[in-house]
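# Summary of structural features
Each chain is listed here by its residues.
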Amino acid sequence: MAWRIVVGLLDDVKDPRGERVRREIREHLGIELEQVRTLDVYTVDADLSEAEVEAAAAGPLSDPVIQRYAVNRPLARDFDVLIEVGFRPGVTDNVGRTAREAIQYLTGRPFAAGEAVYTSVQYLLKGKVDKAIAERIASGFLGNGLIQRWDIVTAAEFDQEKGVTITLPKVTGDARPEVREIDLDVADEALMQISRDGMLALNLDEMKTIQAHAIDPTFSQTRTAVGLGAKLTDVELEALAQTWSEHCKHKIFSARIDYEDEQGRKESINSLFKTYIVGATRDIRAAKGEKDFCLSVFKDNAGVIAFNEDWSVVFKVETHNSPSALDPYGGALTGIVGVNRDGMGTGMGARLIFNTDVFCFASPFYEKPLPPRLLHPRRIFEGVVEGVEHGGNKSGIPTVNGSIVFDERFAGKPLVYCGTASIMPRVLNGKPCHEKKVQVGDHIVMTGGRIGKDGIHGATFSSEELHEGSPVTAVQIGDPITQKRMFDFLLIARDRGLYSSITDNGAGGLSSSVGEMSEDTGGFELHLDRAPLKYPGLQPWEILISEAQERMTLAVPPEKLEEFIQLAREMDVEAVDLGVFTDSGYFHCLYEGRTVAYLPMEFLHGGVPQMVISAKWTPPKTAEPVFPVPADLGAELGKLLGRLNICSKESVIRRYDHEVQAGTVIKPLVGVANDGPSDAAVFRPLFDSFEGVVVSHGICPSYSDIDTYHMMACAIDEGLRNYVAVGGDIEHVAGLDNFCWCDPVKSEKTPDGEYKAAQLVRANKALYEYCVAFGVPLISGKDSMKNDYQIGDTKISIPPTVLFSVIGKIDDVRQAVSMDVKRPGDLVYLLGETRDECGGSEYYSELGFLGSNVPKVDAMTAFARYQALNAAQRQGLVRSCHDLSDGGLGVALAEKAFAGGYGLRVELEGMVVEGELRDDTLLFSESPSRLLVTVRPQERESFERLFAGQALACLGEVLDTPRLVVSRSGRTLLDVDINLLKEAWQAPLREL
Amino acid sequence: MAKEVRSIVITGNGTNCEREVANACRLAGAEVADIVHIAELLAGRVRLDDYHFLNLAGGFLDGDDLGSAKAGANRLRHAPVKGSAESLADQLYRFIEAGKLVMGVCNGFQLMVKMGLLPALDGDYRSQTATLTHNDSGRFEDRWTYLKVDPASPCIYTRGLTGIYLPVRHGEGKFLVREPQVLERIEAAHLAALKYCAADYNAPTMDYPLNPNGSTNAIAGVCDATGRIFGLMPHPEAYVHRTHHPRWTREEDLPEEGMGLWLYRNAVDFIRRELL
């Protein structure tokens, strides 16, 4: 019998959680309640005495100043309906884990196997609410049926003696470990059935390749020697499916693509990745010669560039889209703590210094009916923001840069990009820290969290297969504290030289981490039964491919093994020896001494057949709209400032700790009231140096509807101009591409596959050309290729989206520049040329148009401009600098003004333009590579001299009155109070 | 260790501001600023007795899963130190009795309050009489705050100061007491050394967001009657250089040294004067 401890606030203590829930139930569901109060429930399934349970309830589980508690009796009263929400079996319960540890400290003895603490929350609803409404509240807001279950009890039904009785969410089932053999000597249809039934996601070509290998007689000979039958085991087939998955092998980026452009010219591209991404970096590094600052690119979990003589910087950005669609909180939390492990798993390991996050959502105010199984965009927004908040804040990593992009099509699949930078010494214990190598005989040691059924087969599962007692497999919840403990431990182990290689367990679990590490030696022997499990009942194949979080795999030399494990134990971290790395040439897994997988490494890593994809570019039929220039351009500007893609994200930014580690020199919010939108972040990672890391990004999916080539070029340019705006050195900067695409392979489900594949080719061509032109090497990246929603006849494909992240250096953070205007009288300069480029712009979108004149980047002039701007910044001539992006010049002027708290008077006649432009085009065109700068009047000449021969115009000056006054040839286009503009900009997401 | 000011920052289980706190101690003149994992203390290899200035840094002890710092306070109380009959808390009480200095920031402050180290009325460092709980907004918030110093406070850290500007970064910073007389005694003894106020540092405020969490009487920091034991929600270690200030690019007359450093300097000077 489990103990139930209920903890609640005293009656006169405010319950902010309950208040927030009440407010959000109103916002999300339109249900008005009188009151919501909350109680925490700890269900303690352990052999404890009554006195011990009392002590736990009175001590660590409740706060004597504001709370009271009850043991095995209810605390709930004064409600109409009670909803208790708890986890389903097997779901990570971080609070339960902490409560168990606390009780162990208290009693001085550990819990026995199978004993646990399970947490749940009781929501006491008061108001006009019945069971049906409560069910709507539970399923529509409080709980997520994939990971949680709930009980609903009315006041009349409530048992005053016992309270709510719930089933223990204990993982049950008496599955015996079993290894099945799979007969692959079958017809094609049966082969595909095996792939589908097993959720292997292997296509026929791949299944046939495996079949050919499996039925080859020489193959069976090698197997009998290790006691295996001729047929493949489930462990082997799962290992192949994992290793050959799109996620791990990037089959689309490695495919041969037959591409035909609009003029019928054909070419065959052998791997987009090798041709355009690796190719760009190779050519740029060669051109840079001695100035090449790349240290480790593409081969590790993250890219590494030089920072200074002693330190290097590591950067990676990942996506976690499908899990975030299913469980926004857990998906996003797992996303951020997952990318954290990439930094820790690069080279010999690095110390994490900051996070970045970029989200793509549909509007949280979405009002149309939602297709089945999609969560409302507002829930996704809330859950993702909170997941990243907990993941970043609890890990002690500042979130310094990000953005949120809105498009209705992201209702089908939200995009959640999480990035992490870290820092490592150039040389550690006499060797380059960014390199690592497993030695034959090193032990395979897994450390951190335990293995459960989390993340098996990722997102391919469906909820219908869940039943009581079966653990949830696809959705994972990150545990930042277990990970933080592990990182604290690993950095010490690293510095003491206790291991020779490290990598993280992310997608594919041990199969992936051990499989990849063993490429250094050419084989391994892994004992699956030695792996620590969260609960019994896992099959050997599940242990191999589980994606349970917070785990790293290390190669530990035999002579260091004891010291490594001892250090882990002292620091409350689990570390277990699972086997050894060998040079056998085989991927060798055992269970209780018996071989369960024995595959040649060569076949596993090199056997996947290359896909062939056909791509044909037919430019979409688009046209420029015809409409008169709006009479009130001030009103148009106000509307633009209130658009979701432009408006203030302050309510989200403030929820992220952006200052921990005391290195954030240019913060996300700047200006006189600490609320202006920064272009990029500057971070000082070392206390004894003023050198800084600069990070920014570019993302413009709205241009993809016209041409992904220019979308990509604009994203690169946006990232770089944000970067130079704050003072980032254009000669010492690297890029990182994250492609999120819809399925580009033509099939029955995707009849427009050739067009989508052509969009992908064009984006890659631009990626190569513009990175080479700007001299910006790519150091790492990722792709997520199936961002479609399809149920029944409804298909929603996201707009092709690339996040181009930028990381580089500023020599002295004291020269960094913020975007807010500083003093009245300063001169306002516009750098760059303005063209008739409103296609895909926020302005056109506000008016309901797409247009055809997509912005185009001229890299040569842009690069010269960025160099000159760097020179001006180094000489201290730039008082403020802001990039022009969504909403063009008008929005940039307004943001600069209200962030600084001063007005501006500008005259547009002197603008450098191409052709004759309308007033609204001057104000709202999104021509790239432009920046607004303010300069002290006395420094006018020195500043202008640096831009001799470039597109530069002095438009006006900073006013000491709070008005934005814009004229053209003396004719006033708009004259607005900057406080009104600021209000329009701040209002939309203020309350979220 | 004759003439060295020795400071220690405890880390582990979710603490995350240890590096900048140690840096602040060093900048303030401490000769020693050791970052020590709690495992080292529990293993008995490092003892608090060898230090003068104990720093409990910000972070999320055990994820704040049971309420901020609750599990952390429980660990300190009960976890035994290897090779001895004492718990870490016993070492801590001895440290306080020896007249040494303890400063807790954010999660460190929450830890002190929940252990009973603050406000420690009548010199009782073991009973919890106050708490820090969820912000009225129900949200974690990162924002800069103005703090008015009580000139009559015994707090040795805020001596000579009138107001400071520091960031808060917390979800549970609302200071509350159960018994009204606890609050009265805190106020009467001037233990609430820091209170949230407006930019003029004039009067405490309950207005959001100047008072970012709805803290009772706008209390941001509390010391014990000796003034040596001190905790505060805002982060002094996050403002030790002008480039930490959110408006350093526009306020040209900012001094090189940040206001947060003053608290550490006062601590180090006190130790040099009184304890060495």
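Parameters and conventions
- Residues numbered from 1 in each chain as written.
- Chains lettered and ligands numbered in written order.
- Predicted model: local features only at pLDDT ≥ 70, side-chain atom pairs only at ≥ 80, totals over all residues.
- Heavy atoms only, no water.
- UniProt positions renumbered as here; feature names shortened; annotations may be inferred.
- Helix = DSSP H or I, 4+ residues; strand = E, 2+ residues; numbered from the N terminus.
- Rg over C-alpha atoms; globule rule 2.2 N^0.38 Å.
- Buried < 20%, exposed > 50% of the residue type's maximum accessible area, 1.4 Å probe, protein only.
- Contact = heavy atoms within 4.5 Å.
- Areas by Shrake-Rupley, 256 points an atom, 1.4 Å probe, with all protein chains shown as cover.
- Lys, Arg positive; Asp, Glu negative; His and termini not counted.
- Charge placed at Lys NZ, Arg CZ, Asp CG, Glu CD.
- Buried area = accessible area lost by both parts, 1.4 Å probe.
- Salt bridge = Lys/Arg side-chain N within 4 Å of Asp/Glu carboxyl O.
- Polar contact = N/O pair within 3.5 Å; in protein donor to acceptor, adjacent residues only side chain to side chain.
- Nonpolar A, V, L, I, M, F, W, Y, C, P; charged D, E, K, R; others polar.
- Axes fitted to C-alpha atoms, helices over the stretch in contact; angles between N-to-C directions.
- Parallel < 35°, antiparallel > 145°, perpendicular 65-115°, else oblique.
- Pairing = 2+ DSSP bridges.

The name that an unreviewed UniProt entry assigns to chain B is Phosphoribosylformylglycinamidine synthase subunit PurQ, with the source organism given as Trichloromonas acetexigens.

Per an unreviewed UniProt entry, chain A goes by Phosphoribosylformylglycinamidine synthase subunit PurL and derives from Trichloromonas acetexigens. In its Catalytic activity (unreviewed entry) section, the UniProt entry covering chain A states "N(2)-formyl-N(1)-(5-phospho-beta-D-ribosyl)glycinamide + L-glutamine + ATP + H2O = 2-formamido-N(1)-(5-O-phospho-beta-D-ribosyl)acetamidine + L-glutamate + ADP + phosphate + H(+)". As its UniProt record puts it under Subunit (unreviewed entry), chain A is described as follows: "Monomer. Part of the FGAM synthase complex composed of 1 PurL, 1 PurQ and 2 PurS subunits."

## Focus: the overall build of chain B
For chain B, the helix and strand inventory stands at 7 helices and 11 strands. Rg of the C-alpha trace for chain B: 17 Å, near the compact-globule value of 19 Å for 276 residues, within the 12% margin. Referenced to the eigenvectors of the C-alpha coordinate spread, the extents of chain B come out at roughly 55 × 40 × 35 Å. Out of the 276 residues belonging to chain B, those deemed buried represent 68%. Considering only residue pairs separated by 6 or more positions, chain B has 75% of its internal contacts joining residues 24 or more positions apart. Accessible surface for chain B amounts to roughly 8,800 Å². Of this, 50% is attributable to carbon and sulfur atoms. The positive charge centre, built from 30 side chains, and the negative charge centre, built from 35, are 2 Å apart in chain B.

## Re the environment of aspartate 705 of chain A
All names here are of chain A. You can see aspartate 705 is positioned in the loop between β31 (692-698) and α22 (708-725). With 85 residues separating them in the primary sequence, aspartate 705 and proline 620 have C-alpha atoms 7.8 Å apart. Filtering out sequence-adjacent residues up to four positions away, aspartate 705 remains in contact with Arg409, Pro620 and Leu850.

## Here we look at the UniProt feature "binding site: Mg(2+) 1" (unreviewed entry) in chain A
All names here are of chain A. If you check UniProt for "binding site: Mg(2+) 1" (unreviewed entry), the listed places come out as Glu318 in our numbering. On the secondary structure map, glutamate 318 appears in strand β13 (residues 311-319). In contact with glutamate 318, other than residues within four places in its own chain, are Val339, Asp342, Val416, Tyr417, Cys418, Asn738 and Lys782.

## What to know about the interface of chain B and chain A
Taken residue by residue, the interface counts 62 residues in chain B and 74 residues in chain A. With both chains or domains summed, chain B and chain A bury close to 5,500 Å², and 50% of this area falls on carbon and sulfur atoms. The largest contributions to the chain B side of the interface with chain A come from Leu66, Arg139 and Arg250 of chain B, which together make up 15% of the buried area. On the surface where chain B and chain A come into contact, there are 12 salt bridges. One salt bridge in this structure joins aspartate 63 of chain A and lysine 114 of chain B, with 4.0 Å as the shortest N-O distance. Taken together, chain B and chain A are joined by 30 residue pairs in polar contact (both at pLDDT 80 or more). Sorting elements by how many residues they give to the side of chain B that touches chain A places helix α3 (residues 70-78) of chain B first, with 5 residues. Here the residues of the side of chain B that touches chain A sort into 17 nonpolar, 23 polar and 22 charged.

## Here's the deal with the packing of helix α26 (residues 888-900) of chain A against helix α29 (residues 978-986) of chain A
Residue and element names in this part refer to chain A. One can describe the packing of α26 onto α29 by two numbers: an axis separation of 9 Å at closest approach and a directional angle of 105°. With respect to their mutual orientation, α26 and α29 come out roughly perpendicular. Contact with α26, carried on its side by Ala894, Glu895, Ala897 and Phe898, involves Ile978, Leu981, Lys982 and Trp985 of α29 and no other residues of that element. Of the residues belonging to the contact of α26 with α29, the class tally is 6 nonpolar, no polar and 2 charged.

## Some words on unusual backbone geometry
Trans is the prevailing form of peptide bonds, just as negative phi is the prevailing case for residues other than glycine. Proline 119 of chain B follows leucine 118 of chain B through a cis peptide bond whose omega is -5°. Examined against the element boundaries, proline 119 of chain B turns out to sit in the loop between α5 (107-115) and β5 (130-133). The linkage connecting tyrosine 208 of chain B with the following residue, proline 209 of chain B, adopts the cis geometry, with an omega of 0°. Inspection of the secondary structure assignment puts proline 209 of chain B in the loop between β9 (194-197) and β10 (219-223). With phi around 75°, serine 271 of chain A is a residue other than glycine that occupies positive phi space. With respect to the helices and strands, serine 271 of chain A occurs in the loop between β10 (266-270) and α11 (272-288). On the accessibility criterion, serine 271 of chain A (4% relative accessible area) is buried.

## Quick look at the sheet that holds β31 of chain A
All names here are of chain A. With respect to topology, 6 strands assemble into an open sheet ordered β27-β30-β31-β36-β32-β33, the strand pairing being mixed. Looking at the sheet topology across the chains shown, the edges are occupied by β27 (664-666) and β33 (778-784). On average, each strand axis in the sheet is tilted by 20° relative to the strand beside it, whichever way the strands run. The sheet contact formed by β27 and strand β30 (residues 681-683) spans 2 bridges and is antiparallel. Across the sheet, the residue bridging to isoleucine 666 is valine 682, located in β30. Helix-sheet contacts for helix α23 (residues 753-774) involve β32 (733-740), β33 and β36 (801-810), and the interaxial angle to β32 is about 180°.

## Topic: the side chain of serine 68 of chain B
Residue and element names in this part refer to chain B. Mapped onto the fold, serine 68 is located in the loop between β3 (53-56) and α3. A distance of 3.0 Å separates the side chain of serine 68 from the side chain of lysine 114, its partner in a polar contact. When sequence neighbours within four positions are dropped, the list of residues in contact with serine 68 reads Asn107, Gln110, Lys114, Leu132 and Glu172.

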